[in-house]
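Survey of secondary and tertiary structure
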Amino acid sequence: MGGRWWMKWYSWVILVVHVFAILIFTRGFLLTRTELPYYSHCSDVSQSPCFTSSNTNHSWNTPAVDRLVIIVLDAIRFDFVAPSVFFQEKKAWMDKLSVLQKMAFSEGSSAKIFKAIADPPTTSLQRLKGLTTGGLPTFIDVGNSFGAPAIAEDNFIHQLVENGKRVMMMGDDTWIQLFPHHFNKSHPYPSFNVKDLHTVDNGCIEHLFPALYQEDWDVLIAHFLGVDHAGHIFGVDSMPMIEKLEQYNFMLEKVIKILESQSEPGGLHENTLLLVMGDHGQTLNGDHGGGSAEEVETSIFAMSFKKPPTSIPSELDTSSCKLDLDGKKKCTSSIQQLDFAVTVSALLGIPFPFGSIGRVNPELYALGAGTWNLDGINAWDSSNLSELEEWLLNYVNVLCINSWQVKRYIDVYSASSVIGFSSEDLLHISNVYVEAEQNWAHTTKNLLLHRNERSHTLLPAFTRQIDFYFTFLSNVSELARSKWTEFNLKLMGIGLGTMLISLFIIFPAIRRVNNLYTTSLLSPGGSGISFELIFTFFIVAIRACSFLSNSFILEEGKVASFLLATTSIVRLRSSIMKKKMLFEAVSFLLLISILRFTIEVGLSKQAATSLFLSASPSWMLGVAPGHPLWTYMAEIGPILAVILLAILLCRTISSSIFGGLWKYINLGTILSYVLIAVYWGAESSIPTLALLLQGMATGHIPRMIYAIGLGQLLLVAVGHLFDKDSELDYKRSLVMKTVAILSAWSPTIIILSGKQGSLVALALIIGGYCIVRLESMEDSDSDAIFTFNPLAITQWNLLAVCLFFATGHWCAFDGLRYGAAFIGFDEFVLVRQAILLAIDTFGFSHILPVLGLPLLAVCNFLFGQNNHGKDFRFNQLSQMYMMYGLITATMVTVTVICVTIHRRHLMVWGLFAPKFVFDVAGLVLTDALICLASLLYSGGPTGERVPKTER
């Protein structure tokens, strides 16, 4: 009895140690920039050495536009807006926003399309924060607003309100969370229900058109969400996405007409600037959050209703041009989203946000017609300047203020924060700034003062001065991107050291279990080392080392499937030599091949919009794309699979092993499987099947399945409390409990995984069956240190990893299937949706594999080779769980080492940090499940001690 309690306490101790190590390391690794509680004020600019406006009491520079309309189209990809000629192949979703292209490329139009580059992470909250503050996003912001949704640091919206601008907002309610007291009028709509494509958009349209005729606002913000939600649910290459883009095109066409109709001299929108922009892009399967080109590239369409008199110098032009089919040249420019806040602030004449490190973009700034005059700049006579020289003088003045503001922020940040920049970096930045200011004071200003005495143009002097300011501002942004985070190496070292110590605790503990149950560690004459142990170490070491490369992390699913295939070949060799279980060995290898295929294009979410679905049927099955047979296969296959699961479970519980409460628990799972089949049939795209099930209340089926599953788990707990299994019944009880707990979890996991869920469940059953059968083929004393074959545990672990990727997940925030959190629910409740999302993410890869591990321990009993007692079985099961936990902890420890080494890597926040978060979450969940298993599978009181020589 004492040994069993030792095992339970050991499991909890390892969980606590790992949680402690993760928390300490995380505190050092994710410690990021400090938010400063300082704000810019109009009077501050008097400290600037370059300010030349006569309007010092009201603005930093002369306003160039009177009103601003910002229409945010969430998750707009660049290829949604730019002409298809800019891309190698035209896709169905391209050229749908035709009104923007028409305005941007028509003769005499003051409109331009920009490719806007965002900084990862590309979540909406971080992007809105970056757009309004002008700062870089961080994994975790540390400061006064830590843990609060509202933005506490200086931002563009705050400056609007402080300087008397009236702001109206409509759409995504995230704006209200970020700026709770900033809007004169607001019409927020809930944004978390990704299945709802229309509520937010229709609400925006309802309020947007009437507002364009009103005078009670200066800045109008309308945030549409339909494209983002359509991407999450259906992917980019889908009809709902096309319909959304067409709806947006119609809406934008009407907006432009309304603004143009009132843009005549004296009109309401005579000096209004229209911005249609995305906050981030999205991948083909509709996800975002990472740092891939698809996610960080979005668009800004800017349109002024006054035509600027001339174009800016070519040195400032970032245009990229292509010829369309008619031979007409079409050009788009580029802009960093980092530059948005300061550029718009300059156009409106308000102080730049205190913490902004962006620069005023020349092309967007030039679209404001008011920037082409020197009203308010009275330091010198500008009457002899050309229009272009006049604009350049205005822009140089704005850049001067921009550079001074950034320099001020860097100085204050370094003095105020314990996470400041190094003295070498500060010295370099200061030297670049001093060089720019000296050129302004000693060269450019002298040329202006003696303008009438010189015959040459001022354009070279202005462009040279602009280059100096650009150099300074780009140096600051590059420094911030590369060294913004100062990691606490001491805390990181403590966390890493604790993780390493935990590994050295687990392995001796595995051997200690043998002593507790008096089984011999070494076989008679054995060396203590077997081929399986050496090969297991080799496989685990290869996978661990792969984490040190960002390329192998991106291909982690393929690496896991390759290593699993390698172990299966070893099993196949053994099967051939022993002339036993050749069918199981070949089947397992075939299953791995299928999983390898699904990881890339088959069942995974990445395949939802890939070329595979449109091309592969033609060469694989001889079925043309869009053929009804392909639709029937995709719709009927999962339903048949879930029915097969019900049949298999029914046959399993009909055996003599099952009885009493445990049998009824499994009957609940069969009922849930039937409900899943009905639910999928009612949502089928096959008209006959959907019509047949039309009358059923399918909307409540997911909730019924969740309720049945919860009830089953409660019955399992009750059954365990009153289960007093004897020495002879322990193995029977272990099988009943394992099947019951797996069947209780499986319906919820399957329905959350979508129609791929039943097929993945079959793959898990087949894979587990093959591993168990092949394990029973080995001799019970094949290894001298363990009471089991460690290669089987390694295969079980690798199979779980393969299932994680085969279900469409990967270690990034855009790898989360957000739609799963709303299956059965429309409204958003944080805890409930978080639980459902976690079950979907870790169901097939963690919950079912860990809870199903006892099937390996009783493999001999399952196949009629019952020759060991109860203590031996619990000894073996304890060692198996320790080994499984050791493999998982080893992988996470290597991940910790990886992020420590690559903490300055370009992809640290886009790749390594998300990988770290997913891995540590999986480790904590695995440890918690092992603790649960130690309670559930420990059985009743132990019998007498086994003789020391018994194996």
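Everything discussed here concerns the structure shown above.
In this report, the structure presented in the accompanying data block is examined. (Residues numbered from 1 in each chain as written. Predicted model: local features only at pLDDT ≥ 70, side-chain atom pairs only at ≥ 80, totals over all residues. Heavy atoms only, no water.)

1. A look at the pattern of salt bridges
Within the structure shown, the criterion is met by 22 salt bridges. The residue Asp-216 makes a salt bridge to Lys-185 at a minimum N-O spacing of 2.6 Å. One end of the pair, Asp-216, is in the loop between α7 (199-211) and β5 (219-224); the other, Lys-185, is in strand β4 (residues 185-189), and 31 residues separate them in sequence. Since its relative accessible area comes to 35%, Lys-185 is described here as partly exposed. Of the charged contacts, one joins Arg-543 and Glu-556 as a salt bridge, the two residues approaching to 2.9 Å between their closest N and O atoms. With Arg-543 in helix α17 (residues 531-546) and Glu-556 in helix α19 (residues 556-578), the pair connects residues that are 13 residues apart, well separated along the chain. Neither Arg-543 nor Glu-556 differs from the other in exposure class; each is buried. Connected through salt bridges with shared partners, the residues Arg-543, Glu-556, Lys-915 and Asp-919 form a single ionic network. (Salt bridge = Lys/Arg side-chain N within 4 Å of Asp/Glu carboxyl O. Helix = DSSP H or I, 4+ residues; strand = E, 2+ residues; numbered from the N terminus. Buried < 20%, exposed > 50% of the residue type's maximum accessible area, 1.4 Å probe, protein only.)

2. Observations regarding the nonpolar core
Of all hydrophobic cores here, the largest spans 140 residues; its most connected members are Phe-29, Ile-793, Phe-844, Leu-856 and Tyr-937. Sort the elements by how many residues they give to this core and helix α32 (residues 870-901) lands first, with 16 residues. If sequence neighbours within four positions are ignored, Tyr-937 has contacts with Tyr-730, Leu-734, Lys-737, Thr-738, Ile-741, Leu-851, Pro-854, Phe-874, Leu-877 and Tyr-881. Grouped together as the second largest cluster of nonpolar side chains are 81 residues, Phe-114, Ala-302, Phe-340 and Leu-364 included. (Core = buried A, V, L, I, M, F, W, Y, C linked by side-chain atoms within 4.5 Å. Contact = heavy atoms within 4.5 Å.)

3. Regarding the sheet that holds strand β3 (residues 167-172)
Pairing within the open sheet is mixed, and its nine strands lie in the order β4-β3-β5-β1-β6-β7-β2-β9-β8. With one partner strand each, in any of the chains shown, β4 and β8 (320-323) form the two edges of the open sheet. The mean inter-strand angle of the sheet, taken between neighbouring strand axes irrespective of direction, is 15°. Two elements, strand β2 (residues 111-117) and strand β7 (residues 297-304), share seven bridges in a ladder whose sense is antiparallel. The residue of β7 that forms the bridge with Lys-112 is Ala-302. Against the sheet, helix α11 (residues 340-348) makes contact with β1 (67-73), β5, β6 (272-277), β7 and β9 (329-336), and its axis sits at roughly 165° relative to β6, the strand it touches most. (Pairing = 2+ DSSP bridges. Axes fitted to C-alpha atoms, helices over the stretch in contact; angles between N-to-C directions.)

4. So, the packing of helix α20 (residues 582-600) against helix α27 (residues 757-777)
A pair of packed helices is characterised by two quantities: the angle between their axes and the separation of those axes. Running from amino to carboxyl end, α20 crosses α27 at an angle of 145°, the nearest separation of the two axes being 9 Å. The interaxial crossing formed by α20 with α27 has left-handed handedness. Residues Glu-584, Ala-585, Ser-587, Phe-588, Leu-591 and Leu-595 of α20 form the contact with α27, whose own contacting residues are Ala-763, Ile-766, Gly-767, Tyr-769, Cys-770, Ile-771, Arg-773 and Leu-774. In terms of residue class, the contact of α20 with α27 is made up of 10 nonpolar, two polar and two charged. (Left-handed = near helix turned anticlockwise from the far one by under 90°. Nonpolar A, V, L, I, M, F, W, Y, C, P; charged D, E, K, R; others polar.)

5. Observations regarding the pairing of β8
One ladder, built from four bridges, connects β8 with β9; its direction is antiparallel. Each bridged residue has a counterpart across the sheet, and for Ser-320 the counterpart in β9 is Thr-332. Linking β8 back to β9 in an antiparallel pair, the connection comprises five residues, with Gly-327 at a positive phi of about 80°.

6. Points about the state of the cysteines
Within the structure shown, the criterion is met by one disulfide. Each sulfur of the disulfide joining Cys-321 and Cys-331 lies 1.9 Å from the other. Of note, the bridge from Cys-321 to Cys-331 carries an S-S torsion of about 105° and is right-handed in sense. On the criterion of sequence distance, the pair formed by Cys-321 in strand β8 and Cys-331 in strand β9 is long-range, its members being 10 residues apart. (Disulfide = S-S within 2.5 Å.)

7. Overview of helix α3 (residues 98-105)
Along α3, six of the eight residues are buried, which leaves the element largely enclosed by surrounding structure. By the burial criterion, the buried members of α3 are Val-99, Leu-100, Gln-101, Met-103, Ala-104 and Phe-105. Buried residues in α3 make contact with α2 (78-81), β2, α9 (239-261), β6, β7 and β9.

8. Comments concerning a nonpolar patch on the surface
Taken together, Leu-640, Ile-643, Leu-644, Ile-647, Leu-648 and Ile-765 make up a surface patch of nonpolar side chains, about 500 Å² in accessible area. Among the elements that line the nonpolar patch, the one with the most residues is helix α22 (residues 628-653), at five residues. Here Ile-643 is to be found in helix α22. (Patch = residues over 30% accessible without salt bridge, like charges linked within 9 Å, V, L, I, M, F, W, Y side chains within 5 Å. Areas by Shrake-Rupley, 256 points an atom, 1.4 Å probe, with all protein chains shown as cover.)

9. Remarks on the environment of Phe-354
By the secondary structure assignment, Phe-354 is in the loop between α11 and α12 (362-366). Its relative accessible area of 6% is what places Phe-354 among the buried residues. With 56 residues separating them along the chain, Phe-354 and Ile-410 place their C-alpha atoms 10.0 Å apart. Discounting chain neighbours no more than four positions away, the residues touching Phe-354 are Leu-36, Tyr-38, Tyr-39, Ser-40, Asp-154, Gln-405, Arg-408, Tyr-409 and Val-412.

10. Quick look at the packing of aromatic side chains
Evaluated as defined, the whole model comprises 21 aromatic pairs. Between the aromatic rings of Phe-25 and Phe-916, the centroid separation amounts to 5.3 Å while the plane-to-plane angle is 50°, which identifies the pairing as tilted. Taken together, the residues Phe-25 in helix α1 (residues 2-29) and Phe-916 in helix α33 (residues 908-936) connect sequence positions 891 residues apart. Residue Phe-25 is classed as buried on the basis of its relative accessible area of 1%. An angle of 90° between the planes, with centres 5.1 Å apart, marks the rings of Phe-804 and Phe-805 as edge-to-face. Using a relative accessible area of 7% as the deciding quantity, one classes Phe-804 as buried. The buried category is assigned to Phe-805, whose relative accessible area is 9%. What links up through ring pairs into an aromatic cluster is the set Tyr-38, Phe-354, Tyr-409 and Tyr-413. The side chain of Arg-359 reaches across the aromatic face of Phe-470, ending 3.8 Å from its centre. Looking at Arg-832, its charged tip hangs above the ring of Phe-825, at a distance of 4.0 Å from the centre. (Phe/Tyr/Trp six-rings, centres within 6.5 Å; stacked < 30°, edge-to-face > 60°. Lys NZ or Arg CZ within 6 Å of the ring centre and 35° of its normal.)

11. Some thoughts on the environment of Leu-932
Positionally, Leu-932 belongs in helix α33. Taking the C-alpha atoms as reference, Leu-932 lies 9.0 Å from Lys-8; in sequence the two are 924 residues apart.

12. Quick look at the pairing of β5
Among the six residues of β5, six are classified as buried, and the element is accordingly described as predominantly covered. With six bridges connecting them, β1 and β5 associate as parallel partners. By the bridge assignment for β5, Ile-71 is matched with Ala-222. Bridge analysis of β3 against β5 gives five bridges, and the strand direction is parallel. In the strand pairing of β5, Met-170 is matched with Ala-222.

13. A short note on α20
Each α-helix turn comprises 3.6 residues. Residues three or four places apart therefore point the same way. In this model α20 runs 28 Å from its N-terminal to its C-terminal C-alpha over 19 residues, within 8% of the 27 Å that 1.5 Å per residue would give. When α20 is considered as a whole, its buried residues turn out to be Glu-584, Ala-585, Ser-587, Phe-588, Leu-591, Ile-592, Leu-595, Thr-598 and Ile-599. Buried residues along α20 cover an arc of 160° about the axis, so they all sit on one side. Exposed residues lying more than 90 degrees from the buried face of α20 are Phe-583 and Leu-590. Those residues of α20 hidden inside the fold are in contact with α19, α27 and α28 (790-806). (Expected span 1.5 Å × (residues − 1). Arc of directions from axis to C-beta.)

14. Brief notes about unusual backbone geometry
Notably, Asp-95 is not glycine yet its phi reads approximately 65°, a positive angle. The topology assignment puts Asp-95 in the loop between α2 and α3.

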